[in-house]
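A closer look at the structure
Chain by chain, the residues run as shown.
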2 protein chains.
Amino acid sequence: MTIKIGILGYGNLAKGVEAAIRQNPDTKLCAVFTRRDPASVKTKTEGVNVYSVDSIMDFKGKLDVLIICGGSATDLPEMTPLYSKTFNCIDSFDTHANIPKHYEAVDESCKANNTTSLISAGWDPGMFSIQRLYANCILPDGKDYTFWGKGVSQGHSDAIRRIPGVKNGKQYTIPVESALEAVRSGKGPDLTTRQKHTRVCYVVPEEDADLAYIENAIKTMPNYFADYDTTVHFITEEIFNRDHAGMNHGGFVFRTGVTGFDKDNRHIIEYSLKLDSNPEFTGSVLVAYARAISRLNAKGEYGCKTVFDIAPALLSPLSDYDMRAHLL
Amino acid sequence: MTIKIGILGYGNLAKGVEAAIRQNPDTKLCAVFTRRDPASVKTKTEGVNVYSVDSIMDFKGKLDVLIICGGSATDLPEMTPLYSKTFNCIDSFDTHANIPKHYEAVDESCKANNTTSLISAGWDPGMFSIQRLYANCILPDGKDYTFWGKGVSQGHSDAIRRIPGVKNGKQYTIPVESALEAVRSGKGPDLTTRQKHTRVCYVVPEEDADLAYIENAIKTMPNYFADYDTTVHFITEEIFNRDHAGMNHGGFVFRTGVTGFDKDNRHIIEYSLKLDSNPEFTGSVLVAYARAISRLNAKGEYGCKTVFDIAPALLSPLSDYDMRAHLL
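Rules and cut-offs
Residues numbered from 1 in each chain as written. Chains lettered and ligands numbered in written order. Predicted model: local features only at pLDDT ≥ 70, side-chain atom pairs only at ≥ 80, totals over all residues. Heavy atoms only, no water. Helix = DSSP H or I, 4+ residues; strand = E, 2+ residues; numbered from the N terminus. Buried < 20%, exposed > 50% of the residue type's maximum accessible area, 1.4 Å probe, protein only. Contact = heavy atoms within 4.5 Å. Areas by Shrake-Rupley, 256 points an atom, 1.4 Å probe, with all protein chains shown as cover. Lys, Arg positive; Asp, Glu negative; His and termini not counted. Charge placed at Lys NZ, Arg CZ, Asp CG, Glu CD. Pairing = 2+ DSSP bridges. Right-handed = clockwise from strand over helix to strand, strands pointing away. Least-squares fit on C-alpha atoms with pLDDT ≥ 70 in both. Patch = residues over 30% accessible without salt bridge, like charges linked within 9 Å, V, L, I, M, F, W, Y side chains within 5 Å. Salt bridge = Lys/Arg side-chain N within 4 Å of Asp/Glu carboxyl O. Phe/Tyr/Trp six-rings, centres within 6.5 Å; stacked < 30°, edge-to-face > 60°. Lys NZ or Arg CZ within 6 Å of the ring centre and 35° of its normal.

When you go through chain A residue by residue, the secondary structure sums to 11 helices and 14 strands. In terms of its C-alpha atoms, chain A occupies a principal-axis envelope of roughly 65 × 60 × 35 Å. For chain A, the residues scored as buried account for 58% of the 328 residues in total. Here the analysis covers contacts within chain A between residues at least 6 apart in sequence; of these, 69% occur between residues at least 24 apart. Carbon and sulfur atoms make up 48% of the accessible area of chain A, which totals about 13,700 Å². Computed over 36 positive and 40 negative side-chain charges, the inter-centroid distance for chain A is 3 Å.

Set out below in structure tokens:
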């Protein structure tokens, strides 16, 4: 059975989803919906039409899953509950503090309409969350560590670009190697925010901009940079476009803990991702969960789900027998 | 609700399960069953009696889960199907090639008796299998690598000890650092068995034993050592007892793969375990799955399960809300 997928939006993440669908022969991209003029959007997949989001209700009953590729700040809190009334939806909502509220809104829509949606898929939240949960269950007496990077933080890059005199800018979050090593040693160090990550900024200034002002404005910015060791490099637009166009990211999840009657045996669980393309990897996760969500809905399991609720087998195109025989 | 657990067997793994139950306040050890004389076995947990396995049927209806700590060669293929007729069982069956057959036998017992059992829990099979499955679903176009060690291989240690002239022996499997680095680079190397692991043996010879004979017998042993770079160290019994009494183990699971329309973005997923005590870590995994299995049985989901069938949330003592709020 082919899983019929629609994508709402056509930015970087949506293109990552589109590429992932090509790598999963049991899935099919049926439609792209946009808030822009549909004539201005051209998909890479042959034969797939682009529609105005206003006509999305015409697809009721024609899609197994709608993957919503919008922003967590304003798009998803509105869109996922709304479209869950009609479709099984998947999003990558990543404002950790607001997940419970978002969950409630989506769950209500799903239960009233016999749909099944999954929120907060991707790698963090997503694969990193799964690692945290498994590791906490296995080592109840332990400590968690999550490191991000090396990779581009969109929020911090945006913050740089809002400073007067900045033409373009990009911020890399970089885990501190000595902090990683301290965690890997199993000693269970207490690490402050500053000790875990450094921030490196590449800034293209406007002509005649006050570089000292910009550097100070970045390094003292509360919440974003003030609590970190921050380095600012001024570069030309040419270098920026040549060296900083990528969307690489990644990170590490650790749990260290002890077992035994005397708690004297130490264990270290480490999971890491090194991703050339954050949106393509995230899109690949979303497509795997589309498979799971369409199966759950077919079984009559309605409501909002998270990655915690999905048995790993539901993500796979393999038969249960083949999984047991070849991957267990 | 407290999860009432029985343990069958009282070797290293069973003791690891017993210690893990202490770290999970919602679980309780109710009984230990042994094939030895029960009077000869003393548990570490106050107030827990040891019974002959012959009286295990007296506990029908009194245990939520029976954790069977037996060997994969002869014990588990017989025990898990047998006791699944009466109890929800968990085992750590680890003969990968025979998993499908074992699954069928246990599934038949469970379905005929409305019980729920889980086979092949631990770290490989177990946590490593889960990593392989998730990573395969996310990166369908990629390559898998599993490395074991540094750690003690029981099977290889046994093989050494069967050589005439060997009084005691232990074998460590060690991943080749350059092979790990080649995989981490994302280049997707093809690696032979010999290129991935080396084997280091510590041997206590009998008095007047022929050391050259022993070393040659080890290094040329088919299946076990002939395909590896093997080093043999002869040591005294004192040094053996001082330095080689531990049960540490661990390993690495990688998947590297590509995404994108031109498949030009590379991603590296790495999971690793460094375990001071193989049996205590394995025991901790088994206890987490005991929680899941008792919940599934209470919901009327009968049959044989593997780690692939268990949603991560089922392993946790936390409420769904707390998981979403704090771990997602």
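Here the focus is the pairing of strand β11 (residues 229–234) of chain B. Along any regular strand, the residues point their side chains to alternate faces of the sheet. Residues and elements named next belong to chain B. Where strand β10 (residues 197–205) and β11 come together, six bridges link them in parallel fashion. Across the sheet, R199 pairs through a bridge with T230, a residue of β11. Running through helix α8 (residues 211–219), the crossover from β10 to the neighbouring parallel element β11 is right-handed.

Placing chain B over chain A gives an RMSD of 0.0 Å and needs a rotation angle of 180°, together with 0.0 Å of translation along the axis. Viewed as a symmetry operation, the transformation between the two copies matches a two-fold axis. Nearest to the rotation axis, the C-alpha of B:A311 is located 1.9 Å from it, this being the minimum over chain B. With an isologous cut-off of 70% or more, the 100% of interface residues of chain B that recur at the interface of chain A puts this contact in the isologous class.

Taken together, the side chains of A:K15, A:R22, A:R36 and A:K44 define a basic patch exposed on the protein surface. The residue A:R22 is located in helix α1 (residues 12–22) in this model.

The tally for this structure, following the rule as stated, stands at 16 aromatic pairs over all chains. A centroid spacing of 4.8 Å and a plane angle of 65° characterise the contact between A:Y51 and A:F59, whose relative ring orientation is edge-to-face. On the basis of relative accessible area, A:Y51 is assigned to the partly exposed category, the value being 25%. On the basis of relative accessibility, which here comes to 13%, the residue A:F59 falls in the buried class. Here A:W123 and A:F128 contribute two aromatic rings whose centre-to-centre distance is 5.2 Å and whose plane-to-plane angle is 80°, an arrangement assigned as edge-to-face. The class for A:F128 is buried, based on a relative accessible area of 0%. Among the aromatic residues, those joined into a cluster by ring pairs are A:F33, A:Y51 and A:F59. When the ring centre of A:F147 is taken as origin, the NZ or CZ atom of A:K196, which lies over that ring, is 5.2 Å away. The cationic tip of B:K150 hangs over the ring face of B:Y172; the distance from NZ or CZ to the ring centre is 5.1 Å.

Scope: geometric values only; no functional claims are made or implied.
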